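# Examination of the molecular architecture
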Amino acid sequence: MGAAVNSILLEMQPFLKSNQLKRLRDALKHAFEPKQQETNKTLLQAFLTAKEVEGCSLGTLQYYEDTLARALTVIGKPIGVMTSDDLRQYLNDYEVTRHTSKVTIDNIRRIMSSFFSWLEDEDYIVKSPVRRIRRVKTAQVAREVFSDEELESIRGACASKRDLAIVDLLASTGMRVGELVGLNVDDVNLQERECIVTGKGNKQRPVYFDARAKLHLVEYLETHTDSNSALFVSIDSKAKRITVGSMELRLRNLGKKAGVSRVHPHKFRRTLATHAIDKGMPISA
């Protein structure tokens, strides 16, 4: 059908101005392509299904659905006729009425951009209205990282071989806390100083740890005599896999004991990335 539309446009080109040709093209596509008749709800569900296939987590999918469903309801127009001004007005009203930050507004804009770009790629719409909406400028906040002295203080505050292994594994790999608690003993290759983590979208990747982390892991695993497959377990008679909440709480307590402020798992990840950039690694990597 696209070839027929292009043929009509080519034939009418000598008789119409550019803006008239554009209107004719939009009208022909709207008339001939059945995808244009899909409802907002159907298109949203199709987008979410595509994202699920791509490996988005359930939490991300729910965030996308809530954000987009709210916007579509408030704007109250069929997706095919929504304009850049409609979306700008929604973002402005959302910021004013909810007193949200610029970061939140830009997050909504990015989700809209992903949605409408997908609709354009799949030929549900002619052109994404988000293309004309520029990224929302936000204040750049310097993120804190650990100094070498602070890392040593945290290590010194560890009262168990488990906690020392956790700190060194986080510091040398920069893995996410969810990836850390999800590790099993069989995921760790001490000989190669490597472990396989399962990240976002259930994607697996290898990460590598340093010699210090290996030594402390060996010492910890000698005490790991229970039958639980989890690498890190609670230090009690139950020996259950440690949870994200328990891991975060334990690190906060270590920080208090060491006199280091704001100790949390992601700060280890940020520290590793910052040190890598300082040593010349490209930011994109």
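First, a word on scope: everything that follows refers to the structure included in this document. Quick caveat, the model's predicted, so the values are computed rather than measured.

Criteria and cut-off values
- Residues numbered from 1 in each chain as written.
- Predicted model: local features only at pLDDT ≥ 70, side-chain atom pairs only at ≥ 80, totals over all residues.
- Heavy atoms only, no water.
- Helix = DSSP H or I, 4+ residues; strand = E, 2+ residues; numbered from the N terminus.
- Buried < 20%, exposed > 50% of the residue type's maximum accessible area, 1.4 Å probe, protein only.
- Areas by Shrake-Rupley, 256 points an atom, 1.4 Å probe, with all protein chains shown as cover.
- Salt bridge = Lys/Arg side-chain N within 4 Å of Asp/Glu carboxyl O.
- Phe/Tyr/Trp six-rings, centres within 6.5 Å; stacked < 30°, edge-to-face > 60°.

### Quick notes on the overall build of the protein
Counting its secondary structure elements, the protein contains 12 helices and three strands. Looking at the protein as a whole, 35% of its 285 residues qualify as buried. As displayed, the protein has an accessible area near 17200 Å², and 51% of this comes from carbon and sulfur atoms.

### Observations concerning the pattern of salt bridges
Between side chains of opposite charge, pairing is possible as soon as their charged atoms come close. With the rule as written, the count across this model stands at 15 salt bridges. Lys 267 is the salt-bridge partner of Glu 144, the closest N and O atoms lying 3.3 Å from each other. Within this pair, whereas Glu 144 is found in the loop between helix H6 (102-121) and helix H7 (148-157), its partner Lys 267 is found in helix H12 (residues 265-278), the two being separated by 123 residues in sequence. A relative accessible area of 35% means that Glu 144 is categorised as partly exposed. Here Lys 267 falls in the buried class, since its relative accessible area comes to 2%. Close ionic contact of Asp 163 with Arg 162 constitutes a salt bridge, the shortest N to O distance being 2.9 Å. Arg 162 shares its class with Asp 163; the two are buried. Each of Glu 152, Arg 155, Asp 168 and Arg 212 takes part in a single network of salt bridges with overlapping partners.

### Thoughts on the packing of aromatic side chains
In the structure shown here, the tally under the stated rule is eight aromatic pairs. With 5.9 Å between their ring centres and 50 degrees between their planes, Tyr 90 and Tyr 94 make a pair best called tilted. Of this pair, Tyr 90 and Tyr 94 both sit in helix H5 (residues 84-98), separated by four residues, roughly a single helical turn. Of the two residues, Tyr 90 and Tyr 94, neither departs from the other in class, the shared state being buried. Between the aromatic rings of Phe 146 and Phe 268, the centroid separation amounts to 4.8 Å while the plane-to-plane angle is 55 degrees, which identifies the pairing as tilted. Taken together, the residues span a long stretch of sequence, with Phe 146 in the loop between H6 and H7 and Phe 268 in helix H12 at a distance of 122 residues. Of the two residues, Phe 146 and Phe 268, both sit in the buried class. Ring pairing ties together the aromatic residues Phe 47, Tyr 64, Phe 115, Phe 116, Trp 118 and Tyr 124, which thus form one cluster.

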